[in-house]
Amino acid sequence: MTENNYKQQEAVKTDVIDHLMELGIYKINDLQLYQVPLSELLLEYKKQKS
């Protein structure tokens, strides 16, 4: 993965974490959001938005 791709993924992860926190979600499976992989964060976000 190039450095640019890594930075883009980190930016997306930060945005998703911010949105989850706005919804009142601070942990998933007893892990802080920053410890959870992006794919799981996206699944949780989609589940909350449904």
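All figures in this text were calculated on a predicted structure; none of them were measured in a lab.

Cut-offs and rules
- Numbering of residues starts from 1 in each chain and follows the order in which that chain's sequence is written.
- pLDDT decides what is reported in this predicted model: residues at 70 or higher carry local features, side-chain atom pairs at 80 or more are listed and counted, and totals for whole chains, interfaces and linings draw on all residues regardless.
- Hydrogens and water molecules were not included; the side-chain quantities draw on all heavy atoms of the structure.
- The rule for a salt bridge is simple: a side-chain nitrogen of Lys or Arg has to be within 4 Å of a carboxyl oxygen of Asp or Glu.
- Counting from the N terminus, the helices are the DSSP runs of H or I reaching at least four residues and the strands are the DSSP runs of E reaching at least two.
- Think of it in three bands: residues with accessible area under 20% of the maximum for their type are buried, residues over 50% are exposed, and the middle band is partly exposed, with areas taken using a 1.4 Å probe on protein chains only.
- Only the stretch in contact is used when fitting a helix axis, every axis being a line fitted to C-alpha atoms; angles between N-to-C directions are given from 0 to 180 degrees.
- Handedness of a crossing is defined here by the sense of rotation of the near helix relative to the far one, left-handed for an anticlockwise turn of less than a right angle and right-handed for a clockwise turn.
- In what follows, residue pairs with any heavy atoms lying within 4.5 Å of each other are defined as contacts.
- Put simply, Ala, Val, Leu, Ile, Met, Phe, Trp, Tyr, Cys and Pro go in the nonpolar bin, Asp, Glu, Lys and Arg in the charged bin, and everything else, Gly too, in the polar bin.

Concerning the pattern of salt bridges
- This structure, assessed with the given rule, holds two salt bridges.
- Notably, a salt bridge pairs glutamate 3 with lysine 7, separated by 3.3 Å at the nearest N-O pair. With glutamate 3 and lysine 7 both in helix H1 (residues 3–22) and four residues apart, this pair spans about one turn of that helix. Taken individually, glutamate 3 and lysine 7 each receive the classification exposed, so the pair is uniform in this respect.

As for unusual backbone geometry
- The backbone phi angle of asparagine 29 is positive, close to 55°, even though this residue is not glycine.
- On the basis of relative accessibility, which here comes to 65%, the residue asparagine 29 falls in the exposed class.
- In this structure, aspartate 30 is a non-glycine residue whose phi angle is positive, near 60°.
- Within the secondary structure, aspartate 30 sits in the loop between strand E1 (27–28) and strand E2 (31–32).

Describing the packing of H1 against helix H2 (residues 38–49)
- At a minimum axis separation of 10 Å, H1 and H2 run at an interaxial angle of 35°. Handedness of the crossing formed by H1 with H2: left-handed. Mapping the contact onto sequence places Gln9, Val12, Lys13, Val16, Ile17, His19 and Leu20 in H1 and Leu38, Leu41, Leu42, Glu44 and Tyr45 in H2.
- Across the contact of H1 with H2, the residue classes tally to eight nonpolar, two polar and two charged.

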